[in-house]
Amino acid sequence: MENEKYFTNKEGHLVIGGVDALKLALEYGTPLVAYDVSQIRSQIRAFKEAFAKRKFPAVVSYASKAFSAIAMYQVVAQEKAHIDVVSGGELYTAIKANFPMDKISFHGNNKTRAELEMAVEHQVGVIILDNFYEIELLSEVLAEQDKNIRVMLRLTPNVSAHTHEYIQTGQADSKFGFDITTGQAHSALKKVQANPQMELIGLHAHIGSQISAVAGFQMEVANLFKLINQWNAQDHYQPKVINLGGGFGIRYTEEDEVLAPDVFVGAIVDEVKAQCDQLNLKVPEIWIEPGRSIVGAAGYSLYTVGSRKNLPGMTDYLTVNGGMGDNIRPALYQAKYEAVLANNPTAASVEKVHLAGRYCESGDILIDEQSLPATKPGDIIAILKTGAYGYSMASNYNRVPRPSVVFCENGYAQIVVKRETYDDLVSNDCFLEKEL
Ligand SMILES: Cc1ncc(COP(=O)(O)O)c(C=O)c1O
Ligand SMILES: N[C@@H](CCCC[NH3+])C(=O)O
């Protein structure tokens, strides 16, 4: 059975990728992050299909900071999509996954020389240049290695959260990218054009994350084209590609508005065509970088119920065996989620609890007000839609090992990231050899 949020089987248990969530908890232990891989695939396909049906040349590049693992890169490769990486670690993981290097975009606002060397050595598809320091560093690396590389310029598109309620990254004072209002972007263009080892394939911008309206993307496109029009007039430069970043929102709870990939893509394509028509410019290829919208809804966090603190006249605390170490988002962004009891997600609720984590922080509350049926220690609770920026932002706070990650599809489950052990936790520790 399916409702909008989850599937159940004939026993009435939560099902993830065709696998009973209770069986997953029993076999792999909790906390456990379980992905329904077919949901990941269908989101990638939905974005690709939205461009294909409009016959618009496009690239869908999964923003892998949302969840990075060898198996995840394998799935993206199977779906013939690109990825973006933001660190040597993500790039290394992609190399280990045999991900096609020419389908990688390398991002970051402070890439190190070693990371740039690695990217050039492996000939990643494109390095997305963020600042002047990086242009210099990359020039040196290219000269040393005697290699060429494709680049894009990341621009700050000047779409501000003061006018739209977004998580900001595209406003003029953002730490990311070259500012377009002060002429910095134009100097960057000149520097890159002057370097024969860099092939400038296009321009990049990203306005923020968890966006649930098309207006910000339309404004981003309009602002980019204003600039392209100027650069075309002054420098005869027109980009082959415009990369509009990610940020497509998902529905975590009933409060969230959500738009289908097709709606976002439709609005973007229409705006790009309209701008090109109006300004008489060549139509570029569009690249997008969805992260959250690819993996967010596909991920479930399974926890075991432990202690309870009853507070007469107040809301009780029900504590699970995970928390901010495997999902920092509630503590960091006051992010909201919904949970269900895995053995009976549709059971009528009898109370509201603070669903608390096990970490030594008062702020470690996974869900502030969660309606639940009666629960007892040992029950399995599933928090829904934790697939983006959950495991990827996990930590070892309190020296709690990170959970394992399991991929489920067509009724089969496979561990894709092993649970950390206590030995893993101390594996990089060194004994103090002598008194300091
Ligand atoms: C450059 C860039 N691209 C893509 C993304 C992915 O964003 P989201 O996960 O919101 O789609 C981010 C993160 O916000 C980003 O900074
Ligand atoms: N980590 C953030 C999103 C950041 C996107 C990275 N540019 C979140 O969980 O919502």
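Anyway, here's the lowdown on the structure attached to this text. The structure displayed is predicted, hence computed values, not measured ones. (Residues numbered from 1 in each chain as written. Chains lettered and ligands numbered in written order. Predicted model: local features only at pLDDT ≥ 70, side-chain atom pairs only at ≥ 80, totals over all residues. Heavy atoms only, no water.)

**Details of the sheet that holds strand β3 (residues 19-20)**
Then comes step 1: Read across the open sheet, the three strands follow the order β1-β2-β3; overall the sheet is antiparallel. Whereas interior strands pair on both sides, the edge strands pair on one side only; in this sheet they are β1 (7-8) and β3.
Then comes step 2: Here strand β2 (residues 14-16) runs beside β3; their pairing, made up of two bridges, is antiparallel. Note that in β3 the partner of V15 across the bridge is D20. (Pairing = 2+ DSSP bridges. Helix = DSSP H or I, 4+ residues; strand = E, 2+ residues; numbered from the N terminus.)

**Some remarks on the nonpolar core**
Then comes step 1: By size, the foremost hydrophobic cluster in this structure holds 87 residues, and its most contacted members are I127 and L153.
Then comes step 2: For this core, the element with the most residues is helix α8 (residues 215-235), which contributes seven residues.
Then comes step 3: Counting residues in each nonpolar core, the second largest holds 19 residues, with A25, Y28, L32 and I380 among its members. (Core = buried A, V, L, I, M, F, W, Y, C linked by side-chain atoms within 4.5 Å. Buried < 20%, exposed > 50% of the residue type's maximum accessible area, 1.4 Å probe, protein only.)

**Observations concerning unusual backbone geometry**
Then comes step 1: The omega angle of the peptide bond from T30 to P31 is -10 degrees, so this bond is cis rather than trans.
Then comes step 2: For P31, the position within the fold is in the loop between α1 (21-28) and β4 (32-36).
Then comes step 3: Positive phi, close to 60 degrees, is recorded for N280, a residue that is not glycine.
Then comes step 4: Relative to the elements of secondary structure, N280 occurs in the loop between α9 (261-279) and β15 (285-288).
Then comes step 5: Residue N280 is classed as exposed on the basis of its relative accessible area of 68%.
Then comes step 6: A positive phi angle, close to 65 degrees, is found at N398, a residue other than glycine.
Then comes step 7: Looking at the secondary structure, you find N398 in the loop between β21 (380-384) and β22 (404-409).

**Concerning the site of ligand 2**
Then comes step 1: Lining the immediate surroundings of ligand 2 are K65, S209, R292, R329, Y333, Y389 and M393.
Then comes step 2: At 2.8 Å, a side-chain N or O of R292 approaches an oxygen atom of ligand 2.
Then comes step 3: When the free accessible area of ligand 2 is taken as 310 Å², the share hidden by the protein chains comes to 80%.
Then comes step 4: Its residues assigned to classes, the shell around ligand 2 comprises three nonpolar, one polar and three charged. (Near = heavy atom within 4 Å. Polar contact = N/O pair within 3.5 Å; in protein donor to acceptor, adjacent residues only side chain to side chain. Areas by Shrake-Rupley, 256 points an atom, 1.4 Å probe, with all protein chains shown as cover. Nonpolar A, V, L, I, M, F, W, Y, C, P; charged D, E, K, R; others polar.)

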